[in-house]
Amino acid sequence: MAATNLAFPEESAAEATLIEQEEAAIERIKRARQILGEDVVILGHHYQRDEVVQFADFTGDSYQLSKEGAKVNAKYIVFAGVHFMAESADILSRDDQVVILPNLKAGCSMADMANLEQVLTAWAELEDVLMADPAQHIMPITYMNSAANLKAFVGEHDGTVCTSSNAEGALNWAFAQREKVFFFPDQHLGRNTGKAMGIPLEQMVLWDPFQPYGGLTDEQILNARIILWQGHCSVHQQFRPEHVDLWRKHHPDIRVIVHPECMREVVDKADDVGSTAYIIKQVEAAAPGTKWAIGTEIHMVNRLKQEHPEQMIQLLSPFACLCSTMYRISPLDLANVLENLVEGRVINPIVVPDDVKQKAKLALDRMLSIPK
Ligand code: 13P
Ligand code: SF4
C-alpha cells in the first residue's frame, strides 16, 4: 500500500491542532491589542517564550520589571511572567490599575519553598536561641521570588526585598544596621552574594524549614552572619560544575556566565555572574566571535543565540533547562485575557489583600531605594 493518507498518530494530531491554535492566537492578540490601545501594557520576563514575549511593551529582569510596573500608566498591566512578579506589580501599582496573570498556574517552584508559617516558626525559634527579639540582631531579606505575605513579613520587620541584580546592595544595607541576615528562600543567591562580599562559608548556615531550629545548633546560629533558607531554583540547580569543565576543555577561550541562582560550585568556576538583564548586557557588549556558555533558562539563551549569530552562544548544560512554570503562559492564554478585556471582563486578576499589600510595599519601596 502506498504511504499516502497516513493518519497522524493521536499525539501528533493533537500537537498539530495546538500549533494551529497558537498561530491563530497570535492574530487574536494583535487584534485585541489594537482595540485596547494604551489601556493595556504587557510586561514580559526574559524567560518567557518568544511567541508571548514578542508582544511585551517592556522586557526585563525582576528588578527592572518591578520598577517599570511602578511607573506604568495603563489601566491594565498584563504580566507575562510568574505569580510573584505579578503580585509585586499589584503591590507597586496604583489602586485603580489591574494586574493580570494570563495563566494562574504560572508559579515559581522556588517561591513555593518558603511559606509564612514556616518563616514565623523560624523567627520564633531564632528568638528563643538569641534570648531577644530577633529584630535587634537579624535583618530579614526576602528574594523577590517569594509570596507577597513573606514580603509583608519582611516589611513589618524593617527588612527589604532583593533581586538577583541588587542582592549585594541589600546585604550591605542590612549589615549596616544589624549583625546578621536571615535570607530566604534562595540559599544560592544568598551564599554566592555573601561569598563575593568576603563572608566565610562557615558563617553562612543553612536553615532547614523541616527541622526544629532549622537543624542548627545554638552555636551555629549565634556564630552565623547569614542564615540561608534551604530553598533553590529547580531550573538553575541543574547546572553543574562539570558542565563548566567540559566547555573549558573543548573551548579554552569560552566565557562562562551564570545566574546567581546557580550553586556556589558553578558560580566559583564561572567567569561572570549576574541577573538575566546583566547576562544580556554582557553578550550584547561582546565582540563578534566571542564564545559563551550561559547558565540560565533556555528560552533566554536561545533568544540570545538567534539575536547574536556573530557569537557562539550555548546553554551551559547539555540538556534543556526550562522554567516550566513560566512556560505555562501560552499565546492562547494571552489572547484569552486580552479578548476578555475587550469585552470588558477582567479574568485572572492578581489581587494582594490590602493589609498584606501595605506591609509588602514597605519592603519593595525599601528595595527600590537601596543603591544597586
Ligand atoms: P532575574 O531577576 O535575574 O530576571 O531572575 C528572576 C528569576 O526568577 C531567575 O530564575
Ligand atoms: Fe522560579 Fe526558577 Fe522559574 Fe526563576 S527559573 S521563575 S526561580 S522556577
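Structure first, text after, so check above.
It should be emphasised that the depicted structure is a prediction, and the values quoted were computed from it without experimental measurement.

Pairing between strand β8 (residues 204-207) and strand β9 (residues 226-229): 4 bridges, direction parallel. Each residue of the ladder has a partner; that of L206, found in β9, is L228.

Right, let's get into the nonpolar core. Formed by 122 residues in total, the largest nonpolar core has its most connected members in F182 and L338. Among residues more than four places away in sequence, those in contact with L338 are I29, A32, R33, L36, V40, I42 and V78.

Once that is clear, we can look at a negative patch on the surface. Together, E127, D128, D133, D218 and E219 make up a negatively charged patch on the protein surface. Looking at the element boundaries, D128 is found in helix α5 (residues 116-130).

The next thing to look at is unusual backbone geometry. The bulk of non-glycine residues show a negative phi, and the bulk of peptide bonds are trans. Residue P185 is bonded to the preceding F184 through a cis peptide linkage, with omega at -5°. Looking at the secondary structure, you find P185 in the loop between β7 (180-184) and α8 (187-196). In this structure, D158 takes a positive phi of about 65° despite not being glycine. If you trace the backbone, D158 turns up in the loop between α6 (148-156) and β6 (160-162).

Let's shift gears to the site of ligand 2. Every residue near ligand 2 is listed here: Y47, C108, S109, M110, N145, C233, V235, H236, E261 and C323. Looking at the shell around ligand 2, its residues break down into 6 nonpolar, 3 polar and 1 charged.

The rules behind each value
Residues numbered from 1 in each chain as written. Chains lettered and ligands numbered in written order. Predicted model: local features only at pLDDT ≥ 70, side-chain atom pairs only at ≥ 80, totals over all residues. Heavy atoms only, no water. Pairing = 2+ DSSP bridges. Helix = DSSP H or I, 4+ residues; strand = E, 2+ residues; numbered from the N terminus. Core = buried A, V, L, I, M, F, W, Y, C linked by side-chain atoms within 4.5 Å. Buried < 20%, exposed > 50% of the residue type's maximum accessible area, 1.4 Å probe, protein only. Contact = heavy atoms within 4.5 Å. Patch = residues over 30% accessible without salt bridge, like charges linked within 9 Å, V, L, I, M, F, W, Y side chains within 5 Å. Areas by Shrake-Rupley, 256 points an atom, 1.4 Å probe, with all protein chains shown as cover. Salt bridge = Lys/Arg side-chain N within 4 Å of Asp/Glu carboxyl O. Lys, Arg positive; Asp, Glu negative; His and termini not counted. Charge placed at Lys NZ, Arg CZ, Asp CG, Glu CD. Near = heavy atom within 4 Å. Nonpolar A, V, L, I, M, F, W, Y, C, P; charged D, E, K, R; others polar.

Any link to function would need more than the numbers given here.
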